[in-house]
Amino acid sequence: MYEARKIKATKYARKLRKKITDEERALWYKLKAGRFLGLKFKRQEPIGPYIVDFYCHSKKLIIELDGGHHNEEEVKGYDEERTLYLESKGLRVIRFWNYQINKNINLVLDQIIILGDLE
């Protein structure tokens, strides 16, 4: 049963990788190929029952980008549940709004260093 869910999550993650938002594309450009502090990030990575936007295994760090629909009560509840699950696995979750990427991506990168304890 678990393997079947894992296979489905992997297939869905592959699908999500093809449907990248402009904000994800911009941040991914900065994170991929060790460009950010020499760290290796993966995009749309399945972790348990969830798929996270960006994940750095060596730092146990997850970065999530949220669009406007994350302000809806139902989505807020889902995000909180998801974050609690990921944190229970010893992972650090940092969330940014899409507009923050559009407004000043370098400030977002600075915040990742600080909030991700990467200094």
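Along every chain, residues carry numbers that run from 1 in the direction the sequence is written. Only residues with pLDDT of at least 70 are given local features in this predicted model, and only at 80 or more are side-chain atom pairs given and counted; all residues enter the totals for whole chains, interfaces and linings. Only heavy atoms go into the side-chain values, all of them from the structure, while hydrogens and water stay out.

Right, let's get into the pairing of strand S1 (residues 42-47). Bridge count for S1 against strand S2 (residues 50-56) is five bridges, and the pairing is antiparallel. Each residue of the ladder has a partner; that of Pro46, found in S2, is Ile51. Linking S1 back to S2 in an antiparallel pair, the connection comprises two residues, with Gly48 at a positive phi of about 60°. Two strands qualify as a pair provided that DSSP identifies no fewer than 2 bridges between them. Helix and strand definitions here come from DSSP, where helices need a minimum of 4 consecutive H or I residues and strands a minimum of 2 consecutive E residues; each element is numbered from the N-terminal end.

Bringing the packing of helix H2 (residues 22-31) against helix H4 (residues 98-115) into the picture now. Taken N-terminus to C-terminus, the directions of H2 and H4 make an angle of 25°; their axes are 10 Å apart at the nearest point. Overall, the two elements H2 and H4 adopt an arrangement that is roughly parallel. Note that H2 runs across H4; the crossing there is right-handed. Along its contact with H2, which presents Glu23, Ala26, Leu27, Lys30 and Leu31, the element H4 presents Asn98, Ile101, Asn102, Ile105, Asn106, Leu109 and Ile112. Each residue is assigned to one of three groups, with Ala, Val, Leu, Ile, Met, Phe, Trp, Tyr, Cys and Pro labelled nonpolar, Asp, Glu, Lys and Arg labelled charged, and all others, Gly among them, labelled polar. Each residue belonging to the contact of H2 with H4 can be placed in one class, and the counts come to seven nonpolar, three polar and two charged. Geometry is summarised by axes, namely lines fitted to C-alpha atoms with helices restricted to the contacting stretch, and by angles between N-to-C directions that run from 0 to 180 degrees. These descriptions rest on fixed angle ranges, namely under 35 degrees for roughly parallel, over 145 for roughly antiparallel, 65 to 115 for roughly perpendicular, and the rest for oblique. Definitions for this section: a left-handed crossing has its near helix turned counterclockwise from the far helix by less than a right angle. A right-handed crossing has that turn clockwise. What makes two residues a contact is simply this: any of their non-hydrogen atoms within 4.5 Å.

By the element assignment, Lys30 lies in helix H2. Note on Lys30: relative accessible area 31%, which makes it partly exposed. Remark: the alpha-carbon pair of Lys30 and Leu109, spanning 79 residues in sequence, is separated by 8.5 Å. When near neighbours in sequence (up to four residues on either side) are disregarded, Lys30 contacts Arg35, Phe36, Ile105, Asn106 and Leu109. Residue exposure (1.4 Å probe, protein chains only): buried if accessible area is under 20% of the type maximum, exposed if over 50%, otherwise partly exposed.

This part is about the pattern of salt bridges. Salt bridges are counted wherever a side-chain nitrogen of Lys or Arg sits within 4 Å of a carboxyl oxygen of Asp or Glu. In this structure the tally under the stated criterion is four salt bridges. Among the ionic pairs, Asp22 bridges to Arg25, the shortest N-O distance being 3.3 Å. Of this pair, Asp22 and Arg25 are both found in helix H2, three residues apart, which corresponds to roughly one turn of the helix. What makes Asp22 exposed here is its relative accessible area of 57%. By relative accessible area, which is 44% here, Arg25 ends up partly exposed.

Note on ring pairs: Phe, Tyr and Trp rings are taken, using the six-membered ring of Trp, and paired if centres are within 6.5 Å. Classes follow the plane angle, with under 30 degrees stacked, over 60 edge-to-face and the rest tilted. For the structure on display, the rule yields four aromatic pairs. Judged by centre distance (6.4 Å) and plane angle (50°), the rings of Phe36 and Phe41 are tilted. Of the residues examined, Phe36 reaches a relative accessible area of 7% and is grouped as buried. Looking at Phe41, the relative accessible area reads 5%, which means it is buried. With 5.9 Å between their ring centres and 70° between their planes, Tyr50 and Tyr78 make a pair best called edge-to-face. In this pair, Tyr50 sits in strand S2 while Tyr78 sits in helix H3 (residues 73-88), placing the two residues 28 residues apart along the sequence. Classification of Tyr78 by relative accessible area gives partly exposed; the value is 42%. Members of the aromatic cluster, each reached through a chain of ring pairs, are Tyr50, Tyr78 and Tyr85. The ring of Trp28 carries the charged tip of Arg43 above its face, separated from the ring centre by 5.9 Å. Two thresholds decide whether a charge sits over a ring: the Lys NZ or Arg CZ must be within 6 Å of the ring centre and within 35 degrees of the ring normal.

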